[in-house]
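Observations on the three-dimensional arrangement
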Amino acid sequence: MKTIGKLAKELSINVETVRFYERKGLIVQPLKPDSGYRIYDNTHVNQLKFILKAKALGFTLDEVASLMSLSGSCADVESMGLQKLRLIREKISDLQRLEQVIQDMTNSCKANQDPNSCPIINSLS
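All values reported here derive from a predicted model rather than from experimental measurement.

**Some words on the environment of V18**
With respect to the secondary-structure elements, V18 resides in helix α2 (residues 15-23). Measuring from C-alpha to C-alpha, the distance between V18 and A8 comes to 7.0 Å, with 10 residues separating the pair along the chain. Ignoring sequence-local partners within four residues, the contact set of V18 consists of I4, L7, A8, I13, I27, Y40 and L48.

**Some remarks on the domain arrangement of the chain**
On domain assignment, one finds that the chain holds domain 1 (1-59) and domain 2 (70-112). Averaged C-alpha coordinates put domain 1 and domain 2 at centres separated by 32 Å.

**Notes on helix α3 (residues 42-56)**
Helix length check: α3 (15 residues) gives 21 Å between terminal C-alpha atoms against 21 Å at 1.5 Å per residue, within 8%. Every buried residue of α3 is accounted for by H44, V45, L48, I51 and A54. Tucked inside the fold, the buried residues of α3 contact α1 (4-11), α2 and α4 (61-69). Directly beyond the C-terminal end of α3, a positive phi value near 100° is found at G58.

**Points about the UniProt feature "domain: HTH merR-type" (unreviewed entry) in the chain**
UniProt's feature table lists "domain: HTH merR-type" (unreviewed entry) at residues 1-70, given in the numbering used throughout. Note that residues 1-70 is 59% helix and 0% strand, and that its end C-alpha atoms are spaced 27 Å apart.

**Some words on helix α5 (residues 74-111)**
Taking 1.5 Å as the rise per residue, α5 with 38 residues should run 56 Å; its terminal C-alpha atoms sit 55 Å apart, in good agreement. Here α5 has its buried residues at M80, K84 and M105. Here the buried face of α5 lies against α4 and α6 (119-124).

**What to know about unusual backbone geometry**
Positive phi outside glycine occurs at S12, with the angle close to 55°. Here S12 is to be found in the loop between α1 and α2. Looking at S12, the relative accessible area reads 66%, which means it is exposed.

What counts, and where the lines are drawn
- Residues numbered from 1 in each chain as written.
- Predicted model: local features only at pLDDT ≥ 70, side-chain atom pairs only at ≥ 80, totals over all residues.
- Heavy atoms only, no water.
- Helix = DSSP H or I, 4+ residues; strand = E, 2+ residues; numbered from the N terminus.
- Contact = heavy atoms within 4.5 Å.
- Domains from an automatic or database assignment.
- Expected span 1.5 Å × (residues − 1).
- Buried < 20%, exposed > 50% of the residue type's maximum accessible area, 1.4 Å probe, protein only.
- UniProt positions renumbered as here; feature names shortened; annotations may be inferred.

Pasting the structure below:
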């Protein structure tokens, strides 16, 4: 049982991050007693850890919400995971193409004999 400040500190996140996830409906805000502060329990800690881990894997907040609602359906979760994996592989492929373009451009600089002309700048103009 802890306040929002202690909860945020334990998870190394900002208090506003906790509030943001509450507003998004990913975690339920505890009721505020007549006197005092809202008290967060281990359920909140576990939900926030789940959200943070899923986000670190590249899942969007909408996808995180879906994952949280599908916690008992492994086939549906697997399908989401495979879809995310396809997107990651596409991004990797795009980055590899970009890497090659940049590598070719910088190689053209090495071969450039004209100090007043830059092949990279020329190709972007």
